[in-house]
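For reference, the chains in residue letters:
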Amino acid sequence: MNNSHSFAHYWSGQAPFITSFALQQLRLYVAQNSWFNGHDQSQWFNVSPEALEQLQVDYQQQWTALGQQLLARQPFDFDDRRFASGNWSEPLFGSMAAFYLLNSGFLLKLLELLTIKEEKPRQRLRYLIEQAIAASAPSNFLLSNPDALKCLVETQGASLLSGLLHLAGDLQEGKLRQCDRGDFEVGVNLAVTPGEVVLETPLFQLIQYLPLTDTQYQRPIFIVPPAINKYYILDLSPENSLVRHLLEQGHPVFLMSWRNFTQKQADITWEQIIQDGVISALRTTRVISGERHLNCLGFCIGGTLLSCALAVLAARGDHDIASLSLFATFLDYLDTGPISVFVDEQLVAYRERTIGGHGGKCGLFRGEDMGNTFSLLRPNELWWNYNVDKYLKGQKPRALDLLFWNNDSTNLPGPMYCWYLRHTYLQNDLKSGELELCGVKLDLRSIEAPAYLLGTHDDHIVPWRSAYASTALLGGSKRFVLGSSGHIAGVINPPASNKRHYWVNEHITPIADDWLQSAQQHAGSWWVDWFAWLAGHAGELRPAITRMGNAEYPPLEQAPGRYVKQ
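Residues numbered from 1 in each chain as written. Predicted model: local features only at pLDDT ≥ 70, side-chain atom pairs only at ≥ 80, totals over all residues. Heavy atoms only, no water.

(A) Representation of the domain arrangement of the chain. By the assigned domains, the chain splits into domain 1 (14-139) and domain 2 (194-331 + 428-563). When each unit is reduced to the centre of its C-alpha atoms, the spacing between domain 1 and domain 2 is 44 Å. (Domains from an automatic or database assignment.)

(B) Representation of the pattern of salt bridges within the structure. Counting across every chain of the model gives 24 salt bridges. As a salt-bridge pair, Arg 82 and Asp 80 come within 2.8 Å of each other at their nearest N and O atoms. Take Arg 82: its relative accessible area is 21%, and that puts it in the partly exposed class. Measuring nitrogen to oxygen at the nearest pair gives 2.9 Å for the salt bridge that ties Arg 422 to Glu 345. Of this pair, Arg 422 sits in helix α16 (residues 414-426) while Glu 345 sits in helix α11 (residues 345-354); the two residues are 77 residues apart in sequence, bridging distant segments of the chain. (Salt bridge = Lys/Arg side-chain N within 4 Å of Asp/Glu carboxyl O. Buried < 20%, exposed > 50% of the residue type's maximum accessible area, 1.4 Å probe, protein only. Helix = DSSP H or I, 4+ residues; strand = E, 2+ residues; numbered from the N terminus.)

(C) Local environment of the side chain of Thr 410. Mapping Thr 410 onto the fold places it in the loop between α15 (401-406) and β9 (412-413). There is a polar contact of 3.0 Å between the side chain of Thr 410 and the backbone oxygen of Ala 227. Apart from residues lying up to four places away in sequence, Thr 410 is in contact with Ala 227, Ile 228, Asn 229, Lys 230, Asn 260, Phe 365, Arg 366 and Gly 367. (Polar contact = N/O pair within 3.5 Å; in protein donor to acceptor, adjacent residues only side chain to side chain. Contact = heavy atoms within 4.5 Å.)

(D) Just the environment of Gln 395, in detail. Its place among the elements puts Gln 395 in the loop between α14 (384-392) and α15. Each C-alpha atom, one on Gln 395 and one on Ser 42, is 49 Å from the other, the two residues being 353 residues apart in sequence. Other than its neighbours up to four places away in sequence, Gln 395 contacts His 166, Asp 389 and Lys 390.

(E) Expanded view of the nonpolar core. Among the nonpolar cores identified, the biggest contains 116 residues, and Phe 222, Trp 258, Trp 270 and Ile 274 are the most heavily contacted of them. Of all the elements, helix α4 (residues 91-113) adds the most residues to this core, at 10 residues. Looking at which domains feed residues into this core, each of domain 1 (14-139) and domain 2 (194-331 + 428-563) supplies at least three. Excluding its chain neighbours within four sequence positions, the residues that come into contact with Phe 222 are Leu 206, Phe 254, Met 256, Val 278, Ala 281, Leu 282, Thr 285, Leu 294, Asn 295, Cys 296, Leu 297 and Leu 306. Membership of the second largest hydrophobic core comes to 50 residues, among which are Tyr 391, Tyr 502, Trp 530 and Val 564. (Core = buried A, V, L, I, M, F, W, Y, C linked by side-chain atoms within 4.5 Å.)

(F) Broad picture of the UniProt feature "domain: Poly-beta-hydroxybutyrate polymerase N-terminal" (unreviewed entry) in the chain. UniProt annotation of "domain: Poly-beta-hydroxybutyrate polymerase N-terminal" (unreviewed entry) refers to residues 79-245 when read in the numbering used here. This span, residues 79-245, is 41% helix and 11% strand, and a straight line between its end C-alpha atoms measures 38 Å. (UniProt positions renumbered as here; feature names shortened; annotations may be inferred.)

(G) Spatial organisation of α11. Restricting attention to buried positions, one finds in α11 the residues Val 348, Ala 349 and Glu 352. An end-on view of α11 places all buried positions within 100 degrees of arc, on one side of the element. Of the exposed residues in α11, the ones pointing more than 90 degrees away from its buried face are Gln 346 and Arg 353. Of the surrounding elements, those touching the buried residues of α11 are α16. (Arc of directions from axis to C-beta.)

(H) Structural detail: the layout of surface pockets. Within this model, the second largest pocket holds a volume of roughly 470 Å³. Along the wall of the second largest pocket there are 23 residues; nearest its centre are Arg 126, Tyr 127, Glu 130, Leu 377 and Pro 379. Of all the secondary-structure elements, those providing two or more residues to the lining of the second largest pocket are α4, α5 (119-135) and α13 (379-382). The leading source of residues in the lining of the second largest pocket is α5, at 7 residues. Classifying every residue of the lining of the second largest pocket by side-chain character gives 10 nonpolar, 6 polar and 7 charged. (1 Å grid on protein atoms, 1.4 Å probe; cavity = no way out; pocket = protein on both sides within 12 Å on 5 of 7 lines; lining within 4 Å. Points joined across faces, edges and corners; volume = space filled by probe spheres on them. Nonpolar A, V, L, I, M, F, W, Y, C, P; charged D, E, K, R; others polar.)

In structure tokens:
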């Protein structure tokens, strides 16, 4: 009791000092960071004395309670996954984790008390502090991670050697691999759905897939995948392949495979991607299939590209589209989620000067940079956990096709990337109806085809409310479905796995949260709902056509083609 009383008495005067020190460090951090240049910081640190005092009281009480728990040698218990093993319950390591979590929470609460009226600098300061907090966790260091130390002892040092080899390999590649390179091979156990490349241009290959049923629907489905990473997110291992599932449902499938752009293609513009890419592939699909009315699907930025292309065609008088499906796609960039902390006029202008063709200098936006950025948006789930498991414990990462694809990034041409940044994330111009593209005004409302729109509840790349905002921009009938999970796992959810759930509401409301409040939750995969909707726009069933291409577009090579392997 004496020790506990002395501990409480000692720390009763430390909370104000710690608070003052934290504010001083935050002020210094802000002053030295160029992200906050041009913002009036004079009032940011005028924190309410009453709120500050309450924060200090709460902090002091929790600190004292943890100190008494440590002195009494009581075990620690954590909900945090980083400290979930029984090794963290022991007093030494448990106290490090407990005081780390307390101080982290205190610092984030202190940030909320700062009087930063502008949203952008507030978001950026929180992002930077969260990165620092995630990086400083005791689990990230060998000497303060009991799980890693246990592996070191049990393997007689082999775990540390394996970890160093993992680190050397990742440094050589310039990225943190979440799945070993040798676990999968494109064309061997990924992207193995049978098909033929029937068109190759400097921008893309077009793949036509062989039927897997005796009869097929009249209208093909034309797919535009993301230009970031490879197309086979939609054709992973057979059980997870959306392409294979579509073929098994009886749909003819044509799919674009974007090339991994090199310096030779560094001057390609957004307009060229639309005209010479998406529109060219769509027209070729019409010619080969003999069907003018296609069911069109776009995923992520592929959906943005597809919608731009269909709006351009509509402005030219071509409205002959059977349906449009957009998965986790931005059309209205009203809320771009955590990625918005990086985007401002200064960044976009810098990219335009260095790689965007302004002044004649074109370059590439490296796929590894984008992949690392997306991972750091969720540092504890997509970055530091792999550092701990791979480098400290020497464990081989899990062999998962989604993670392998996530590391298979592609480069983007600078002018194309800069146009995209400026007119979407920065200025949100796509929805204006006034943006010039390919010689016409881009009006998304001119897309009159029925639309199936999917958002995913925990998506940190395309927040689901922004995906829902597309319901106000497209001209035809709309069906919006909300899947559970995130940007990738929420989309790639085959029915056989019987995982997750989704929400459906037949009535489109002006406000996304009103839609969700009245939506009905269904167990399992939303793919079942989409397949039923798609069948209603696919035309009649006919004997399957097994001949690939035609006289004008003969098969060039077997799927997956050479572009996806570059």
